[in-house]
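Chain by chain, the residues:
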Amino acid sequence: MKFAIALLACLGLAVAASILPQVKVADKDFLEKQKFLLEIVYRVTDPLMFDEWIKLGNTFVTDRSYYSHYDEYMEKFWESFKLGTILPRGEFFGALVATHHQQAWGLFNFFYFAKDWETFRQNVCWARMHINEGMFVYALSMAVIHREDFNGLVLPAIYEIFPQHFFNSDLIHKAEKFDYNVWKKLTMYEHEYKEHFGGMQMMYNHSYYHDNEYMKVWQWWKQMGLKKNHWYAEENFMLRENIKEFNQDDKWNSLLKDTQMWWMPVDYTRDIEFYNRESALSYLTEDLGWMSFWYYLNMDQAFFLDSDTFGSNGRRGEFWLYAVHKVMSRYYMERLSHGFGEIPEFYWLQQIEHGYKPQLVAYNGIGFSYRPNYYDFKTYTNLDMFNKIQNAFQRIYDIIDMGYYRMHDGQIIDLRHENALEHISNLVQGNIDVFDKYFFNYYYMLSHMFISQVGRHDVEVSPSVMLNFETMVRDPYFYIFHKKIADAFLRFKGHLKPYSKNELLFTGVEIEEVQITELVTYFDLVDFDVTTLLNDKMIFHDGKLVWNKALLARQMRLNHKPFRFDLSISSDKKQQALLRVFLAPKYDENGQLLAMDENRENFLTLGKFAIDLIPGKNKISYSSDDFYWTQKDRSTYTELYHYVMMAMEGNYEFPLNTRESYCLFPDRLILPRGWTQGMPMRMFFMVTPYEITKVENSSHITSYSCGFGYGGRFTDDKPLFYPFDREISMSEFDVPNMYFKDVKIYHEDKFEKYSESQHQMDGKFDYTFLNNYYKN
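Keep in mind that this is a model prediction, so the values were computed, not measured. The residue numbers shown here count from 1 along each chain, following its written sequence. Two thresholds apply to this predicted model, a pLDDT of at least 70 for residue-level local features and 80 or more for giving and counting side-chain atom pairs, whereas whole-chain, interface and lining totals are computed over all residues. Side-chain metrics rest on all non-hydrogen atoms present in the structure, leaving aside hydrogens and water.

**A closer look at the overall build of the chain**
Here is step 1 of the chain: For the purposes of this entry, the term helix denotes a DSSP run of H or I that reaches at least four residues, the term strand denotes a run of E that reaches at least two, and both are numbered from the N terminus. Looking only at helices and strands, the chain has 27 helices and 17 strands in total.
Here is step 2 of the chain: If you take every contact in the chain between residues at least 6 apart in sequence, the share linking residues at least 24 apart comes to 81%. The criterion used for residue contact is that any of the two residues' heavy atoms lie within 4.5 Å.

Encoded structure:
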């Protein structure tokens, strides 16, 4: 039971122990499918080495009778392959490169519309051997996410399949060159060296690391006297969220007891060739959870999936735009914690002040392009593409201001009502459901291509962070560009009347008091699995892969201590209600109080909770672990594979209903870094009627599900950003079912002791550090 609880926590799911007996266990058929998915993407940039899957990969199924749907994209994909115009293996793949997208769309359809598992598996094996690595992973990931009959099956996290898109080139090169025998000899030589020159080495470490004015808290490895780009044997345990629970469980320890582990300290992008203050935020913008959230959002709500075929609930555009707002408001809070202030405005013809050098290397060995400070787009002279993008932006803003749109057949679409938000959202995403595909479809893709200097018909392109969803959030320009998109939403809402007091009022309900525990952030450490970068010979025993080595990237990241809020709510009768919780800054970068109507766009939704009210006083309590749209770390690639193999051997019961929620936001990033003395913020609480009858498939247990369809992500039929989606009239925005609370976010430096001269560094990781922050 204890191990089951730990596993569920590992998989990002919080459940009560009382329901564990009802957990369904995977059967042999499911485990075989899961094993296949984990093996088919193992070392995906290398040739396929599993004999079982190689045999299946000789033939591609083109017979239409094997598919529930066969369209032009599938035909074009197969024709491109036969003609040799398909993107070759080894070339960089960009999901937002037009030529790559068209081919990936066809491959995805072959995967998605396959009538049975056998057809799907054969096509996947063939594509693994013949199709570009990036395109293959993109199409396969989309299919696994969206096929309803694959519920419960997972692929490893994208940062474990392609670590190249998430970690700097130093780690990638070192991991690909890792050799156990060489490492063992080097370790032996270093040990002998320390025995002879240990005292002198300690003096060197102390002088260099403690007097270096550029030493930063995120370079924790310097402070412990560790070397950069150096592999260390894992003598204790893999660092991960909830490790305190895991390393105390004998069954979990036995899972990895025969796996040798090595870890390397990893840093974020820093100022190397030119000064750029924006790199101070790289611990957020290059956080693996932050990057993968944006990636999976755009896989979940892919712009080319049409609602009729894939069963959207009709709010796909609104949901995507709401997520853009969430990312932008959270990013703005982090800027304020550094005193940076507003995100710069977007102008095509204006120089970009802050450049960006990602320090990434693609899986083909080519480094990603970079943008110097004060870059000017006028240096790229693709005027045809520029004019199309510029015209699309201007048309969107003109349509919003006019309040209607006239179609080519004379039909008038009214855009001056709340339900028109979906039209506007589809416009700004440029998705396939937009009402006029001639002018607006794919403008978003063309914008990213223009920024990356890629032509409409280019096939082989240079790596650029703006061409893939998982890498684009690294670049400061991403936020400048998407601020323009978020502004379109605000512009549309600005034409609607502010909510009246009657619309905001929940008669008979009042929030009387709110108490919040201290909000504290800190930096902790975690190991990310980069084992797929191993370049040594794969070992098989009795036809099974021997997974006995694991490479780990040990990185610092932002986290927060658990917190809770307690509300006292009075109600005049028994009824169901919905509690909304928001967080927002209180002051701007100059210390000036932010006016409510100006600040409304910065409110970040922390949670929505369905509650039962009884007549009289109600005590409502929630903790930060209760937020339904966030999750802890996913289980690692190494862990997943061992779980499946143990289950297939009959030594473990693999739970079926613990699908890892790929689309949720990292729990540890819900609070900005804060200040040592406390960063002033505001929390907002609002209780509204829980109009459950208006929400199809709704459940009183507030939940969240991934996938293009409806699921449980909509708790009611109000706008997702309600009540801050419209301009605010303060005379109306004052009702008893609302409550504002001033709070402060404190930041604790857990590594402060390593800056003290008396701390003795010996070049080993200080595992007592973990014990200290677990105790606190």
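**Remarks on the packing of aromatic side chains**
To describe a pair of aromatic rings, one takes the distance between the centres and the angle between the planes.
Here is step 1 of the chain: Any pair of Phe, Tyr and Trp rings, taking the six-membered ring for Trp, is counted once the centres come within 6.5 Å. Such a pair is stacked with planes under 30 degrees apart, edge-to-face with planes over 60 apart, and tilted for the rest. Per the counting criterion, the structure on display carries 87 aromatic pairs.
Here is step 2 of the chain: Note on Trp 78 and Phe 81: the rings are 5.5 Å apart at their centroids and 15° apart in plane angle, and the pair reads as stacked. Of this pair, Trp 78 and Phe 81 both sit in helix 4 (residues 72-83), three residues apart, which is roughly one turn of the helix.
Here is step 3 of the chain: Seen from their ring centres, Phe 393 and Tyr 443 are 5.4 Å apart, and the 90° between their planes marks the pair as edge-to-face. A residue pair is termed long-range when its members are at least 10 positions apart, and Phe 393 in helix 18 (residues 383-402) and Tyr 443 in helix 21 (residues 443-451) qualify at 50 residues.
Here is step 4 of the chain: Given the relative accessible area of 3%, Tyr 443 is considered buried.
Here is step 5 of the chain: Either the NZ atom of lysine or the CZ atom of arginine qualifies as a charge over a ring when it sits within 6 Å of the ring centre and within 35 degrees of the ring normal. Directly above the ring of Phe 340 sits Arg 277, whose terminal nitrogen or CZ lies 4.2 Å from the centroid.
Here is step 6 of the chain: Sitting above the plane of the Tyr 370 ring, Lys 357 keeps its charged end 5.2 Å from the centroid. The cut-offs for exposure are 20% and 50% of the maximum accessible area for each residue type, with area from a 1.4 Å probe on protein chains only; residues under the lower value are buried, those over the upper are exposed, and the others partly exposed.

**Some words on the side chain of Glu 278**
Here is step 1 of the chain: With respect to the secondary-structure elements, Glu 278 resides in the loop between strand 2 (260-266) and helix 14 (282-285).
Here is step 2 of the chain: Look at Glu 278 and you get buried, because its relative accessible area is 6%.
Here is step 3 of the chain: We define a polar contact as two N or O atoms separated by no more than 3.5 Å, with the added condition that, inside protein, one atom must be a possible hydrogen donor and the other a possible acceptor, whereas residues neighbouring each other in sequence contribute only through side-chain atom pairs. Looking at Glu 278, its side chain comes within polar contact range of the side chain of Tyr 331, at 3.4 Å.

**Comments concerning the pattern of salt bridges**
Here is step 1 of the chain: Think of a salt bridge as a Lys or Arg side-chain nitrogen and an Asp or Glu carboxyl oxygen that are within 4 Å of each other. Under the definition given, this model contains 38 salt bridges.
Here is step 2 of the chain: The partner of Glu 342 in a salt bridge is Lys 483, with the nearest N and O atoms 3.8 Å apart. Of the two residues, Glu 342 is situated in the loop between helix 17 (316-337) and helix 18 and Lys 483 in helix 23 (residues 476-493); the sequence distance between them amounts to 141 residues.
Here is step 3 of the chain: We note a salt bridge from Asp 725 to Lys 493, for which the minimum N-O separation is 2.8 Å. One end of the pair, Asp 725, is in the loop between strand 16 (679-689) and strand 17 (738-747); the other, Lys 493, is in helix 23, and 232 residues separate them in sequence. Each member of the pair Asp 725 and Lys 493 is classed as buried.

**Focus: helix 17**
Here is step 1 of the chain: Between the first and last C-alpha of helix 17 there are 32 Å, a value that for 22 residues agrees with the 32 Å anticipated at 1.5 Å per step.
Here is step 2 of the chain: For helix 17, the tally of buried residues reaches 22 of 22 residues, placing the bulk of the element in the interior.
Here is step 3 of the chain: Positive backbone phi, at 75°, marks Gly 339, one or two positions downstream of helix 17. Here the expected length of a helix is defined as 1.5 Å per residue gap, with one fewer gap than residues.

**Observations concerning the sheet that holds strand 10 (residues 564-571)**
Here is step 1 of the chain: Strands are labelled as partners when DSSP assigns at least two bridges between them. Reading across from one edge, 5-10-13 is the order of the three strands in this open sheet, with antiparallel pairing throughout. Looking at strand neighbours, the two that pair on one side only are strand 5 (509-516) and strand 13 (616-623), the edges of this open sheet. Going across the sheet, the axis of each strand differs from the next one's by a mean of 20°, ignoring polarity.
Here is step 2 of the chain: Sheet topology places strand 5 next to strand 10; seven bridges connect them, and they run antiparallel. Residue pairing in the sheet places Ile 516 in a bridge with Phe 565 of strand 10. Every angle, taken between N-to-C directions, lies between 0 and 180 degrees, and every axis is a line fitted to C-alpha atoms, over only the stretch in contact when it is a helix.

**Some thoughts on the nonpolar core**
Nonpolar side chains tend to gather and get buried jointly when the protein is soluble and globular.
Here is step 1 of the chain: Core analysis: the biggest nonpolar cluster contains 267 residues, and Phe 120, Leu 140, Trp 294 and Trp 348 have the highest contact counts within it.
Here is step 2 of the chain: For this core, the element with the most residues is helix 17, which contributes twelve residues.
Here is step 3 of the chain: Aside from chain neighbours lying at most four places away, what touches Phe 120 is Phe 36, Leu 37, Phe 111, Ala 114, Leu 140, Ala 143, Arg 147 and Phe 150. Remark: nonpolar core denotes a set of buried residues (Ala, Val, Leu, Ile, Met, Phe, Trp, Tyr, Cys) joined through side-chain atoms within 4.5 Å.

**Topic: the pairing of strand 9 (residues 549-560)**
Here is step 1 of the chain: For strand 9, the tally of buried residues reaches twelve of twelve residues, placing the bulk of the element in the interior.
Here is step 2 of the chain: Residues Lys 549, Leu 551, Ala 553, Gln 555, Arg 557 and Asn 559 of strand 9 are buried on one face, and the alternating residues Ala 550, Leu 552, Arg 554, Met 556, Leu 558 and His 560, pointing to the opposite face, are buried as well.
Here is step 3 of the chain: Relative to strand 9, strand 2 runs parallel, the two being bridged by seven bridges. Note on strand 9: the bridge partner recorded for Met 261 is Ala 550.
Here is step 4 of the chain: Of the pairings in the sheet, the one linking strand 6 (residues 519-529) to strand 9 comprises nine bridges and is antiparallel in character. Directly across from Asp 524, in strand 9, lies its bridge partner Arg 557.

**Notes on the confidence of the model for the chain**
Here is step 1 of the chain: Per residue, pLDDT measures the predictor's confidence, with a range of 0 to 100. Across the chain, the average pLDDT comes to 85, with 84% of residues at 70 or higher.
Here is step 2 of the chain: Confidence, expressed as mean pLDDT per element, reaches its minimum in the chain at helix 1 (residues 2-10) with 38 and its maximum at helix 6 (residues 117-130) with 98.
Here is step 3 of the chain: Across residues 693-703, where pLDDT falls below 50, the model places 27 contacts with residues more than four positions away in sequence or in other chains.

**With respect to a nonpolar patch on the surface**
Here is step 1 of the chain: Judged by side-chain polarity, Met 402, Tyr 404 and Ile 412 come together as a nonpolar surface patch covering roughly 280 Å² of accessible area.
Here is step 2 of the chain: Looking at where Tyr 404 falls in the secondary structure, it is placed in strand 3 (residues 404-406). Nonpolar side chains (Val, Leu, Ile, Met, Phe, Trp, Tyr) within 5 Å and like charges within 9 Å form the patches, drawn only from residues with over 30% relative accessible area and no salt bridge. The Shrake-Rupley method, run with a 1.4 Å probe, gives the accessible areas here. Residue values count only the displayed protein chains as cover.

**Digging into helix 5 (residues 98-112)**
Here is step 1 of the chain: Between its terminal C-alpha atoms helix 5 stretches 21 Å, which fits the 21 Å expected from 15 residues at 1.5 Å a residue.
Here is step 2 of the chain: In terms of residue burial, helix 5 counts as a mostly covered element, since 14 of its 15 residues are buried.

**Brief notes about the sheet that holds strand 11 (residues 575-585)**
Here is step 1 of the chain: The mixed open sheet is built from eight strands, whose spatial order is 1-2-9-6-17-16-11-12. Every other strand in the sheet has two partners, leaving strand 1 (232-233) and strand 12 (604-613) as the edge strands with one partner each.
Here is step 2 of the chain: Pairing of strand 16 with strand 17 involves eight bridges; the strand directions are antiparallel. Each residue of the ladder has a partner; that of Met 679, found in strand 17, is Ile 745.

**Details of unusual backbone geometry**
Here is step 1 of the chain: Residue Pro 723 is reached from Tyr 722 by a cis peptide bond, and omega for that bond is 5°.
Here is step 2 of the chain: If you trace the backbone, Pro 723 turns up in the loop between strand 16 and strand 17.
Here is step 3 of the chain: With a phi angle near 55°, Asp 542 is a residue other than glycine that sits in the positive phi range.
Here is step 4 of the chain: Relative accessible area serves as the criterion here: at 68%, Asp 542 is assigned to the exposed category.

**Some details on the environment of Phe 740**
Here is step 1 of the chain: By the element assignment, Phe 740 lies in strand 17.
Here is step 2 of the chain: Looking at Phe 740, the relative accessible area reads 26%, which means it is partly exposed.
Here is step 3 of the chain: Taking the C-alpha atoms as reference points, Phe 740 and Val 514, 226 residues apart in sequence, are found 8.7 Å from one another.
Here is step 4 of the chain: Beyond its immediate stretch of four places on either side in the chain, Phe 740 contacts Met 596, Phe 603, Arg 682, Met 683, Phe 684 and Phe 733.

**What about the side chain of Thr 688?**
Here is step 1 of the chain: One can find Thr 688 in strand 16.
Here is step 2 of the chain: Within the structure, the side chain of Thr 688 is placed 2.8 Å from the side chain of Arg 580, a separation counted as a polar contact.
Here is step 3 of the chain: Excluding residues within four positions of it along the chain, Thr 688 makes contact with Phe 506, Ala 577, Leu 578, Arg 580, Asp 716 and Tyr 722.

**Observations regarding the packing of helix 19 (residues 421-429) against helix 23**
Here is step 1 of the chain: Two elements in contact, helix 19 and helix 23, have axes whose closest approach is 10 Å; the angle formed by their N-to-C orientations is 160°. The angle between the axes of helix 19 and helix 23 places the two elements in the roughly antiparallel class. Considering the relative orientation of helix 19 and helix 23, their crossing is right-handed. Residues Leu 421, Ile 424 and Val 428 of helix 19 form the contact with helix 23, whose participating residues are Ile 485, Ala 488, Phe 489, Phe 492 and Lys 493.
Here is step 2 of the chain: In this classification, the charged set is Asp, Glu, Lys and Arg, the nonpolar set is Ala, Val, Leu, Ile, Met, Phe, Trp, Tyr, Cys and Pro, and all remaining amino acids, among them Gly, are polar. Taken together, the residues that form the contact of helix 19 with helix 23 break down as seven nonpolar, no polar and one charged. When describing relative orientation, an angle under 35 degrees is termed roughly parallel and one over 145 degrees roughly antiparallel, while 65 to 115 degrees is termed roughly perpendicular and anything else oblique. A clockwise turn of the near helix away from the far one marks a right-handed crossing, whereas an anticlockwise turn of less than a right angle marks a left-handed crossing.

**Some points on the environment of Phe 469**
Here is step 1 of the chain: The residue Phe 469 is located in helix 22 (residues 469-472) in this model.
Here is step 2 of the chain: When its relative accessible area of 1% is taken as the criterion, Phe 469 is described as buried.
Here is step 3 of the chain: As for Phe 469 and Phe 293, which are separated by 176 residues in sequence, their C-alpha atoms are 9.4 Å apart.
Here is step 4 of the chain: If we ignore the near neighbours within four places in the chain, the residues touching Phe 469 are Ala 95, Leu 96, Met 291, Trp 294, Tyr 295, Asn 298, Phe 303 and Tyr 444.

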